[in-house]
Amino acid sequence: MKELVEVIAKSLVDYPDEVVVTQTENEKAIVLELHVAQSDMGKVIGKQGRIAKAIRSVVKAAASKESKKVIVDIT
């Protein structure tokens, strides 16, 4: 999951070197935190959050094999 979010984010931003994804797990969920440069925040979120929703949908589809919930936080 972490690699998937990283690849998607790096293809969207102007500063791919500043993209950092951290993954934490517990019994029920996997939390992925996506950190990007401040100037790239709008590109990752998109108008009305459409790109962020699309990223979350792709990750949710990829995680459907596991019985855990996946949460993507963009900071």
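Quick caveat, the model's predicted, so the values are computed rather than measured. (Residues numbered from 1 in each chain as written. Predicted model: local features only at pLDDT ≥ 70, side-chain atom pairs only at ≥ 80, totals over all residues. Heavy atoms only, no water.)

Draft legend 1. How the structure looks around the overall build of the protein chain. Each helix and strand counted, the protein chain has three helices and three strands in total. Secondary structure elements of the protein chain occur, N-terminal to C-terminal, as α-β-β-α-α-β. Here the protein chain holds 75 residues, and 31% of them are scored as buried. Counting contacts in the protein chain only where the partners sit at least 6 residues apart, residues at least 24 apart contribute 54% of the total. Of the roughly 5000 Å² of accessible surface on the protein chain, a fraction of 53% belongs to carbon and sulfur atoms. Taking the average location of the 12 positive side-chain charges in the protein chain and that of its 11 negative ones, the two points are 10 Å from each other. (Helix = DSSP H or I, 4+ residues; strand = E, 2+ residues; numbered from the N terminus. Buried < 20%, exposed > 50% of the residue type's maximum accessible area, 1.4 Å probe, protein only. Contact = heavy atoms within 4.5 Å. Areas by Shrake-Rupley, 256 points an atom, 1.4 Å probe, with all protein chains shown as cover. Lys, Arg positive; Asp, Glu negative; His and termini not counted. Charge placed at Lys NZ, Arg CZ, Asp CG, Glu CD.)

Draft legend 2. Molecular detail of the pattern of salt bridges. Under the counting rule described, the total for this entry stands at four salt bridges. With a closest N to O distance of 3.9 Å, Asp40 and Lys43 form a salt bridge. Under the relative-accessibility criterion, Asp40 is labelled buried at 1%. The class for Lys43 is partly exposed, based on a relative accessible area of 33%. Linked through salt bridges whose partners overlap, the residues forming this network are Asp14, Asp40 and Lys43. (Salt bridge = Lys/Arg side-chain N within 4 Å of Asp/Glu carboxyl O.)

Draft legend 3. Representation of the sheet that holds strand β3 (residues 69-74) in the model. Overall, mixed pairing links the three strands, which are arranged β1-β2-β3 in an open sheet. The strands lining the two open edges of the sheet, one partner per strand, are β1 (20-25) and β3. If you compare each strand with its neighbour and ignore which way they point, the axes differ by 20° on average. When strand β2 (residues 29-35) meets β3, the two strands line up parallel, connected through six bridges. What sits directly across from Ala29, in β3, is Lys69. Of the strands in this sheet, β2 and β3 are in contact with helix α3 (residues 50-62), which crosses β3 at around 155°. (Pairing = 2+ DSSP bridges. Axes fitted to C-alpha atoms, helices over the stretch in contact; angles between N-to-C directions.)

Draft legend 4. Fine view of α3. The end-to-end C-alpha distance of α3 is 18 Å, a good match for the 18 Å that 13 residues give at a rise of 1.5 Å each. Restricting attention to buried positions, one finds in α3 the residues Ala52, Ile55 and Val59. On an axial view of α3, the arc spanned by its buried residues comes to 60°, and they lie on one face. Facing away from the buried side of α3, by more than 90 degrees, are the exposed residues Arg50, Lys53, Lys60 and Ala61. Of the surrounding secondary structure, the elements contacted by the buried residues of α3 are α1 (2-12), β2, α2 (41-45) and β3. (Expected span 1.5 Å × (residues − 1). Arc of directions from axis to C-beta.)

So far we have only geometry, and geometry alone does not tell us how the molecule works.
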